[in-house]
Amino acid sequence: MAALKLAIGNKNYSSWSMRPWLALRANDIPFAETLIPLYTDNPADKEQILSFSRAGKVPVLVDGETVVWDSLAIIEYIAECYPEKKLWPDEAAARAHARSVCAEMHSGFVPLRSECGMNLHRPIRPVTLSPDAKANVARIEEIWRECRARYGAKGPFLFGGFGAADAMYAPVVHRLRTYAIDVAPDTKAYMETMMALPAFQQWTREGLAETLVIDRFEDA
Ligand SMILES: N[C@@H](CCC(=O)N[C@@H](CS)C(=O)NCC(=O)O)C(=O)O
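Residues numbered from 1 in each chain as written. Predicted model: local features only at pLDDT ≥ 70, side-chain atom pairs only at ≥ 80, totals over all residues. Heavy atoms only, no water.

## Things to note about the domain arrangement of the protein chain
Next, step 1: In terms of domain boundaries, the protein chain breaks down into domain 1 (4–85) and domain 2 (92–203).
Next, step 2: On a C-alpha basis, the centroid separation for the pair domain 1 and domain 2 is 21 Å.
Next, step 3: The partner domain 2 presents 23 residues to the 21 residues of domain 1 that form the contact.
Next, step 4: Regarding the contact of domain 1 and domain 2, the summed buried area is about 2000 Å², with carbon and sulfur atoms giving 68% of it.
Next, step 5: Considering only the side of domain 1, the residues that lose the most area to domain 2 are N12, M18 and R19, jointly responsible for 30% of the buried surface there.
Next, step 6: Applying the counting rule to domain 1 against domain 2 returns 1 salt bridge.
Next, step 7: Two residues, E76 and R99, come together in a salt bridge whose shortest N-O distance is 3.0 Å.
Next, step 8: Here domain 1 and domain 2 share 8 residue pairs in polar contact (both at pLDDT 80 or more) between them.
Next, step 9: Among the residues forming the side of domain 1 that touches domain 2, the class breakdown is 10 nonpolar, 6 polar and 5 charged. (Domains from an automatic or database assignment. Contact = heavy atoms within 4.5 Å. Buried area = accessible area lost by both parts, 1.4 Å probe. Salt bridge = Lys/Arg side-chain N within 4 Å of Asp/Glu carboxyl O. Polar contact = N/O pair within 3.5 Å; in protein donor to acceptor, adjacent residues only side chain to side chain. Nonpolar A, V, L, I, M, F, W, Y, C, P; charged D, E, K, R; others polar.)

## Details of the sheet that holds strand β4 (residues 66–69)
Picture the strands of a sheet paired through backbone hydrogen bonds; they go either parallel or antiparallel.
Next, step 1: The 4 strands lie next to each other as β2-β1-β3-β4, forming an open sheet whose pairing is mixed. Only two strands of the sheet have a single partner each, and these edge strands are β2 (31–35) and β4. Taken over all neighbouring pairs, the strand axes of this sheet differ in orientation by 20° on average, direction set aside.
Next, step 2: As paired strands, strand β1 (residues 4–8) and strand β3 (residues 60–63) are joined by 4 bridges and run antiparallel to one another. Bridging across to β3, L4 finds its partner in D63. (Pairing = 2+ DSSP bridges. Helix = DSSP H or I, 4+ residues; strand = E, 2+ residues; numbered from the N terminus. Axes fitted to C-alpha atoms, helices over the stretch in contact; angles between N-to-C directions.)

## Remarks on helix α9 (residues 198–208)
Next, step 1: What α9 keeps buried is the set A199, F200, Q202, W203, T204 and G207.
Next, step 2: Each element contacted by the buried residues of α9 is listed here: β1, α1 (15–25), α7 (164–178) and α8 (185–195). (Buried < 20%, exposed > 50% of the residue type's maximum accessible area, 1.4 Å probe, protein only.)

## Regarding the site of the ligand
Next, step 1: All residues in the neighbourhood of the ligand are listed as S14, W16, L38, Y39, K46, G56, K57, V58, P59, D70, S71 and H106.
Next, step 2: Between the ligand and K46 there is a distance of 2.6 Å, counted from an oxygen atom to a side-chain nitrogen or oxygen.
Next, step 3: In the environment of the ligand, an oxygen atom lies 2.7 Å from a nitrogen or oxygen atom belonging to the side chain of K57.
Next, step 4: More than half of the atoms of the ligand fall within 2 Å of the grid points belonging to the largest pocket. (Near = heavy atom within 4 Å. 1 Å grid on protein atoms, 1.4 Å probe; cavity = no way out; pocket = protein on both sides within 12 Å on 5 of 7 lines; lining within 4 Å. Sits in = over half its atoms within 2 Å of the grid points.)

See below:
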């Protein structure tokens with residue numbers, strides 16, 4: 001049995017869950033997953049989340065007695081446990097860059113995240129973005145472009161091989177796709193790279209197979 005356990009929310013909606021799940025799956029790290037439906041009327045669902053972590057949020061990683069909650073803390077923990085997977089770049093300067101873009105994602109882009117929530121089964125159609133959300137998209141394109149220009153020779157992802165930064169930005173790929181957001185060709189190329197990743201495809205397939213609909217996350 002896998003030693004690591006990861007509690008996640010609905011794959012269709014839970015972008016924070018997707019990030020550490022991808023970091024594990026894309027690196028072939030064995031783990032058992034517990035999917036807890038989010039925002040249901042059944043108080044037992046919230047109780048189950050609380051039984052993993054008193055923070056009351058997913059994702060939560062359990063490794064024996066060690067409980068790690070919050071997507072970025074989980075990715076850091078995985079990187080420490082499996083240094084050979086190279087979730088962070090080898091060079092200190094590149095690692096600082098990767099940590100900066102991960103932190104920027106984790107703590108920012110609120111307009112884009114709130115106007116374009118991840119919703120895999122949403123029919124693809126454009127929305128009118130606020131100026132702040134548009135600025136978020138432009139900044140994300142700038143981040144990806146700079147990473148690809150600096151580290152592209154090492155591989156097709158942001159810092160070469162698939163790493164922490166790619167896991168953190170993966171849900172943005174779904175947002176750009178389902179909300180039909182107009183992006184530059186190099187942004188599209190990175191999206192294609194991500195969409196070709198088997199782990200990304202598995203999460204997407206499993207999310208699309210879910211039937212639970214959360215009305216407040218569905219736009220008209
Ligand atoms: N900063 C946290 C955010 C976690 C979060 O907001 N998770 C949402 C699902 S994506 C959640 O658990 N919501 C359930 C609830 O609030 O009851 C992280 O990075 O993990």
